[in-house]
Amino acid sequence: MSAGGTGENEPRDEARAGALTQAEGRVARALREMGQSSWLVSVLAVVLALIAGGVLILAANREVQATLGYFFARPVDFFAVSWQVLTDAYSALFRGAVFDWQAPSAVRTIRPITETMVYSVPLILSGLGIAIGFRSGMLNIGGQGQIILGASFAGFIGYWMQLPVGLHLLLALLGGALGGAIWGGIAGVLKARTGANEVIVTIMLNNIAIYLLAWLLQQRWFTQTDSNQPQSAAVAESAQLFGLLGPQFRLHAGFILAILATLAVWWLMERSTLGFEFRAIGENPEAARTAGISVVKATALVLIIAGALSGLGGAAHVLGTEHRLTGGIAGTLGFDAITVALLGRSRPLGTFLAGLLFGGLKAGGVLMQSQTGTPIDIVLVLQSVIVLLIAAPPLVRAIFFLPRPGGRPPASSRRARRQRSAAKKEVAA
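Here goes a summary of the coordinates provided. All figures in this text were calculated on a predicted structure; none of them were measured in a lab.

Here's the deal with unusual backbone geometry
In step 1: For glutamine 224, which is not glycine, the phi dihedral falls at a positive 55°.
In step 2: Structurally, glutamine 224 can be placed in the loop between helix H9 (220-223) and helix H10 (254-271).
In step 3: Despite not being glycine, arginine 345 shows a phi value in the positive range, around 60°.
In step 4: Inspection of the secondary structure assignment puts arginine 345 in the loop between helix H14 (333-343) and helix H15 (348-372).
In step 5: Judged by its relative accessible area of 11%, arginine 345 falls in the buried class.

Have a look at this one:
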């Protein structure tokens, strides 16, 4: 009876396995399409997001709402007030992120760009890890958990050990990378050995990491403090990332680390044999296996290295700015890093620039809210719209009538050209 039942289940199991393989293939193709889209698509996605954000800013403004009450009597008032509201909001966003020409001192004038760089550090490092997975055909959603583990390892080493300055910092950073690598490696080994879907595994590991940190912050041996608050002791100064511009600014050496990591990932993916293997399994795992590449080893290494980079991002966050562990140490960094990797087309330079952009949105959103009353949630809307558009390149190309990859223009453009050609022939006849 059991044998018969097993025989009946075999076709069903094979069908499920085939459906899972097809789904993974569609994910890999979607990641390749997003990675192969032009820079113009990314720029236009940001422009469309700013337009969408502008509409929401106007909808939330009471002065604009008041002018709508007599719009048909004096439409000029609506447009004048709308222009002023948008100018003030986006001007404040720029001044809070890049250069504040209205600041009372030189230090306050250039501080915004340094704050953008500070916010961008964990986004760049984690985004690079996510980007490696994308280019290898893997949808790594586990950046959040890897950041938490990296911050936990780095923070614990930072306040538990007493070591010389350079050695202590180096060991804390390596500990952060190790924590992220372990967490990413769990998903990598499971996918490589058992075929487990990395999306499901990494999402579950995110939740485990959140509750694991919450439990650790209740243990005296871990927090090294008698405080009743769920937080750890402060990281020792010998383990903190040193400042780059003096005590007036928060910019620290983590930004240099982000630059070095960007260069390292570029060399890994574009110049090394291992990077070629990663890209090969992302393009076609079966062809890579036929070419003699160990798909099992490469799959595990992708998520291990990706986890190490995300863990390094968490380490830079706790050692550079936070200086102690709390339950919300990661915030939304892991999910923002996915957006950064998508916007950067999974390329090192693009991810670096996208991290700066999102760091600027975060830094500028604070000033925009305080000076104009614009809800800071608008920044989240901008990020969400960017993700939506980057994930659907054909939508952006359709909106702006851009040619398809390979130089083939949209159907509407081809139809219009045929109509114009036919009209010219009729006139000539």
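Considerations on the side chain of threonine 223
In step 1: With respect to the helices, strands and loops of the structure, threonine 223 is situated in helix H9.
In step 2: Look past the residues within four positions of threonine 223 in its chain and what remains in contact with it is Tyr159, Leu216, Leu217, Gln231, Ser232 and Ala233.

Structural notes on the packing of aromatic side chains
In step 1: Under the defined criterion, the tally for this structure stands at 12 aromatic pairs.
In step 2: Here the aromatic rings of phenylalanine 71 and phenylalanine 78 are separated by 5.4 Å at their centres, their planes lie at 85°, and the arrangement is edge-to-face.
In step 3: Between phenylalanine 94 and tryptophan 101 the ring centres are 6.2 Å apart and the planes differ by 40°, which places this aromatic pair in the tilted class.
In step 4: Through a chain of ring-to-ring contacts, the aromatic side chains of Phe156, Tyr159, Trp160, Trp221 and Phe222 assemble into a single cluster.
In step 5: Its end group placed over the ring of tryptophan 101, arginine 95 keeps NZ or CZ at 5.8 Å from the ring centre.

Description of the nonpolar core
In step 1: Grouped together as the largest cluster of nonpolar side chains are 100 residues, with contacts concentrated most on Leu125, Ile132, Leu173, Ile281, Leu319 and Leu325.
In step 2: Residue contributions to this core peak at 11 residues, all from helix H5 (residues 106-135).

Structural notes on the side chain of threonine 339
In step 1: Structurally, the position occupied by threonine 339 is in helix H14.
In step 2: Note on threonine 339: relative accessible area 9%, which makes it buried.
In step 3: The residues contacting threonine 339, other than those within four sequence positions of it, are Phe358, Gln383 and Val387.

About the cut-offs
Residues numbered from 1 in each chain as written. Predicted model: local features only at pLDDT ≥ 70, side-chain atom pairs only at ≥ 80, totals over all residues. Heavy atoms only, no water. Helix = DSSP H or I, 4+ residues; strand = E, 2+ residues; numbered from the N terminus. Buried < 20%, exposed > 50% of the residue type's maximum accessible area, 1.4 Å probe, protein only. Contact = heavy atoms within 4.5 Å. Phe/Tyr/Trp six-rings, centres within 6.5 Å; stacked < 30°, edge-to-face > 60°. Lys NZ or Arg CZ within 6 Å of the ring centre and 35° of its normal. Core = buried A, V, L, I, M, F, W, Y, C linked by side-chain atoms within 4.5 Å.

Don't take any of this as a statement about function, it's just geometry.
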